[in-house]
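# Chain and residue survey
One-letter residues, chain by chain:
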Amino acid sequence: MLPALTFTPRRFAIPRRRLLLAAGGSTLLVASILSTFVVPPPSAEDTAARTSLAQRLSASTWAFAVPTAWLAAPLAEARSGDSVDLLAVRSGDRPLAVAIAADLRIMSADERSIVFEVDEESASAIASARASGLLIVPLLRSTH
């Protein structure tokens, strides 16, 4: 005969380390879920970055990218929305300086190129100056 096997319910205890880890994990999960609902308001630069360049252009204007290699002088601290005048210059035996475009708005700028908002006359003047071998000098306008 086999002895009768009896099972007594064991007291189930969770170690403290597991409780602390579970509480910490739950806190992090709740914090991450809440952080998805708390979003800072978009800045003007973020809004401008989300709209396409074509949408930011005024009526009857075009975007004209000028490589920084075309510039005789760097355009320091150029930001989107700044206003710039452009001069075409040639040095040598017969020096020349000609104003080719005035009050151009910068649409974007980086280390390789600057994108200007131009009208038809300014675009053709910039292209003609470059085709003639002239260098371009940008002059940043004051906002006052």
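We now turn to the structure provided with this report. Please read all numbers here as calculations on a predicted model, not as lab measurements.

### Focus: the overall build of the protein
The helix and strand inventory of the protein stands at 4 helices and 5 strands. Reading the protein from its N end, one meets helices and strands in the order α-α-α-β-β-β-β-α-β. In the protein, which comprises 144 residues, the share counted as buried stands at 21%. Within the protein, contacts between residues at least 6 apart in sequence are counted, and of these 66% link residues at least 24 apart.

### Some points on the nonpolar core
Ranked by size, the top nonpolar core spans 20 residues in total, and within it L86, I100, L104, I106, F116, V118 and I126 carry the most contacts. Of all the secondary-structure elements, those providing two or more residues to this core are strand 1 (62–67), strand 2 (83–90), strand 3 (96–109), strand 4 (113–118) and helix 4 (120–131). Setting aside chain neighbours within four positions, we find L104 in contact with D82, S83, V84, L86, F116, E117, V118, S122 and I126.

### With respect to unusual backbone geometry
Located in the positive-phi region is S60, a residue other than glycine, with phi close to 60°. Among the secondary structure elements, S60 is positioned in the loop between helix 3 (53–56) and strand 1. S60 sits in the exposed class, given a relative accessible area of 63%. Residues other than glycine seldom take positive phi values, yet D103 does so here, at roughly 55°. For D103, the position within the fold is in strand 3.

### Concerning the side chain of D82
For D82, the position within the fold is in the loop between strand 1 and strand 2. This buried residue, D82, is left without a salt bridge; R79 holds the nearest opposite charge, at 6.0 Å. Engagement of the side chain of D82 in a polar contact is seen with the backbone nitrogen of R79, the distance being 3.0 Å. Excluding residues that lie within four positions of it along the chain, D82 makes contacts with E77, L104, R105, I106 and L140.

### Some remarks on a nonpolar patch on the surface
A contiguous nonpolar surface patch, about 640 Å² in accessible area, is contributed by L29, V30, I33, L34, F37 and V38. Mapping V30 onto the fold places it in helix 1 (residues 16–37).

### Looking at the pattern of salt bridges
For the coordinates displayed, the defined rule picks out 3 salt bridges. Salt-bridge contacts for R141 lead to D85; the nearest nitrogen and oxygen are separated by 2.8 Å. Linking R141 in the segment after strand 5 (135–140) with D85 in strand 2, this pair joins segments that are 56 residues apart in sequence. Overall, R141 belongs to the partly exposed group, its relative accessible area being 37%. Of the residues examined, D85 reaches a relative accessible area of 19% and is grouped as buried. Ionic pairing is found between R105 and E117, a salt bridge with its closest N-O pair at 3.0 Å. With a gap of 12 residues between them, R105 in strand 3 and E117 in strand 4 connect regions that are remote in the sequence. Its relative accessible area of 30% is what places R105 among the partly exposed residues. Residue classification places E117 among the buried residues on the basis of a relative accessible area of 11%.

### A word on the environment of G81
You can see G81 is positioned in the loop between strand 1 and strand 2. Linking G81 and I106, residues 25 residues apart in sequence, is a C-alpha distance of 5.2 Å. If near-sequence neighbours (up to four positions away) are discounted, G81 is found in contact with R105 and I106.

Scoring rules and cut-offs
Residues numbered from 1 in each chain as written. Predicted model: local features only at pLDDT ≥ 70, side-chain atom pairs only at ≥ 80, totals over all residues. Heavy atoms only, no water. Helix = DSSP H or I, 4+ residues; strand = E, 2+ residues; numbered from the N terminus. Buried < 20%, exposed > 50% of the residue type's maximum accessible area, 1.4 Å probe, protein only. Contact = heavy atoms within 4.5 Å. Core = buried A, V, L, I, M, F, W, Y, C linked by side-chain atoms within 4.5 Å. Lys, Arg positive; Asp, Glu negative; His and termini not counted. Salt bridge = Lys/Arg side-chain N within 4 Å of Asp/Glu carboxyl O. Polar contact = N/O pair within 3.5 Å; in protein donor to acceptor, adjacent residues only side chain to side chain. Patch = residues over 30% accessible without salt bridge, like charges linked within 9 Å, V, L, I, M, F, W, Y side chains within 5 Å. Areas by Shrake-Rupley, 256 points an atom, 1.4 Å probe, with all protein chains shown as cover.

Treat this as a map of the structure, not an account of what it does.
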